[in-house]
Amino acid sequence: MNNTILVTGGAGFIGANFVLDWLAAGLGRVVNLDKLTYAGNLQNLQDVAQHPDHVFVHGDIGDRALVAKLLAEHKPRAILNFAAESHVDRSIHGPEDFIQTNVVGTFHLLEEARHYWSSLDTSEQGAFRFLHVSTDEVYGTLAAHDPAFTETKPYAPNSPYSASKAASDHLVRAYQHTYGLPTLTTNCSNNYGPYHFPEKLIPLCLLNALAGKPLPIYGDGQQIRDWLYVKDHCSAIRRVLEAGRVGETYNVGGWNEKANLDVVQLLCDILDSLQPRKDGQSYREQITFVKDRPGHDRRYAIDASKLYSELGWKPQESFETGIRKTVAWYLEHQDWVENVNSGEYRRWLDQHYAES
Ligand code: NAD
């Protein structure tokens, strides 16, 4: 075993940010296993395409033979499971992929992790970790004055996405209790930041605003979410990997509860100052209320005090500073935006594979 980690889903939004930060900090080798679904984008990893410590592997976490081969070949000291189907709306229209990847895929990954871990010697077994990246949506919804979710809150998922993540969290827990696999689970609130696929609220509204299109807000826009800058989520995962207690779960959040409408209005205000509309109107003019999502949870709020008190982690960005950085990143990366919007990143992928 060496200083290699196996990251799954490392071409997606959070996984790619994690891999980029990990390599920039010189923390060791990364074997990056990603199926490259519509959400996986190798352009997110362009800066490390030639990095000697980055090995990209195109494949599925549910492919047992491939996972076994990667574990035997690279002998990682940890597996970090970011791979998932992650979009609630897509889970409502087509839940099957969510069950396949989030539940069955995680099960296969756990099975191979267990076999690999059993083959290690005692000191290697003690050092090994399986870190599962999950969401606060597993806890269900809160009323306005309910206390924020702690790690002891019973699970009550309300969408096929959150139910599939809850199932995977339970499997991870069971593998620790039953087989002794040294697992860690993180449950994080809504992330935002660079490389966010433009189907999610913040990048969708940002890009629609710039394109002169409506900014769609579900229902009355008063659904409350906690928001965390993606780089802070990545630092929390690094901290839990380093010092988290085996078998524990850690909530990760930004102490930033905001109603969706407030988030979009703030975005509009920042855009008004950085790139004003040509007609002098505010981008707020483009806000449009649309029919609410079925079963839409009203409020999520996360209590991350365990992570703070046990491991000393806290976020670096406030919502206001993080959102400004995010807007600036999108304005500076119009090529990335255009490639994603036009589907060009898929062609780039095909070309990349044709050449390699
Ligand atoms: P994403 O959809 O942007 O990326 C998911 C990645 O996983 C993609 O690169 C995709 O190609 C890959 N993938 C999908 N199925 C796969 C499979 N079967 N095998 C291998 N790779 C596969 O998602 P994200 O927003 O980066 O989320 C990453 C993880 O963090 C997910 O587990 C998600 O549940 C969790 N999470 C996300 C948020 C958020 O706000 N985005 C918040 C909390 C937790």
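Residues numbered from 1 in each chain as written. Predicted model: local features only at pLDDT ≥ 70, side-chain atom pairs only at ≥ 80, totals over all residues.

As recorded by an unreviewed UniProt entry, the chain carries the name dTDP-glucose 4,6-dehydratase and is attributed to Methylovorus glucosotrophus.

## Quick notes on the sheet that holds strand β9 (residues 224–229)
Sheet strands line up and pair through hydrogen bonds in the backbone, either parallel or antiparallel. Spatially, β7-β9-β11 is the arrangement adopted by the three strands of the open sheet, whose pairing is mixed. A single partner strand is all that each edge strand has here, and the edge strands are β7 (190–192) and β11 (257–259). Averaged over all pairs of adjacent strands, the angle between strand axes in this sheet comes to 50°, irrespective of strand direction. Here helix α8 (residues 230–243) sits on the sheet in contact with β7 and β9, set at roughly 75° to β9. Seen against the sheet, helix α11 (residues 319–332) touches β7, β9 and β11 and runs at an angle of roughly 45° to β7. (Pairing = 2+ DSSP bridges. Helix = DSSP H or I, 4+ residues; strand = E, 2+ residues; numbered from the N terminus. Axes fitted to C-alpha atoms, helices over the stretch in contact; angles between N-to-C directions. Contact = placed C-beta atoms within 7 Å.)

## Quick look at the site of the ligand
Around the ligand, the structure places 32 residues, and the nearest of them are G9, G12, A39, G40 and A84. For the shell around the ligand, the secondary-structure elements that each account for two or more residues are α1 (13–24), β2 (29–34), α4 (96–118), β5 (129–135) and β7. Residue classes in the shell around the ligand are distributed as 13 nonpolar, 14 polar and five charged. (Near = placed C-beta within 6 Å. Nonpolar A, V, L, I, M, F, W, Y, C, P; charged D, E, K, R; others polar.)

## Here's the deal with the sheet that holds β2
An order of β3-β2-β1-β4-β5-β6-β10 is seen for the seven strands of this open sheet, with the pairing classed as parallel. In the strand order of this sheet, the two ends are held by β3 (54–58) and β10 (249–252), each with one partner. This sheet shows a mean twist of 20° between the axes of neighbouring strands, independent of strand direction. With five bridges connecting them, strand β1 (residues 4–8) and β2 associate as parallel partners. Pairing of V7 across the sheet is with N32, part of β2. Most of the contacts of α1 go to β2, to which it runs at about 165°, and overall it touches β1, β2 and β3.

## Observations concerning the pairing of strand β6 (residues 183–188)
Burial of β6 is extensive: six of the six residues sit out of reach of the surface. A two-sided burial pattern is seen for β6, the buried positions comprising T183, T185 and N187 on one face and L184, T186 and C188 on the other. Looking at chain direction, β5 and β6 are connected through six bridges and run parallel. Paired with H132 across the bridge in β6 is T185. In terms of handedness, the path from β5 via helix α6 (residues 160–179) over to β6 forms a crossover that is right-handed. Across four bridges, the pairing between β6 and β10 is parallel. Along β10, the bridge assignment pairs T186 with Y250. (Buried ≥ 20, exposed ≤ 12 C-beta atoms within 10 Å, placed from the backbone. Right-handed = clockwise from strand over helix to strand, strands pointing away.)

## A look at the environment of D47
Turning to its location among the elements, D47 is positioned in the loop between β2 and β3. With 14 C-beta atoms counted inside 10 Å, the residue D47 sits in the partly exposed group. Considered as a pair, D47 and L20 are 27 residues apart in the sequence and their alpha carbons are 7.9 Å apart.

## Some thoughts on the packing of α4 against α6
Between α4 and α6, the least distance of the axes is 8 Å, while the angle of their chain directions is 15°. Considering their axes alone, α4 and α6 lie roughly parallel with respect to each other. Considering only the axes of α4 and α6, their crossing is right-handed. Residues F98, I99, N102, V103, T106, F107, L110 and R114 of α4 form the contact with α6, whose participating residues are P160, Y161, S164, K165, A167, S168, L171, V172, Y175 and Y179. Taken together, the residues of the contact of α4 with α6 break down into twelve nonpolar, four polar and two charged. (Parallel < 35°, antiparallel > 145°, perpendicular 65-115°, else oblique. Left-handed = near helix turned anticlockwise from the far one by under 90°.)

## A closer look at unusual backbone geometry
One non-glycine residue, L36, lies in the positive phi region at around 55°. For L36, a count of 18 C-beta atoms within 10 Å gives the class partly exposed. At W255, a residue that is not glycine, the phi angle is positive and equals roughly 50°. Relative to the helices and strands, W255 resides in the loop between β10 and β11. For W255, a count of 19 C-beta atoms within 10 Å puts it in the partly exposed group.

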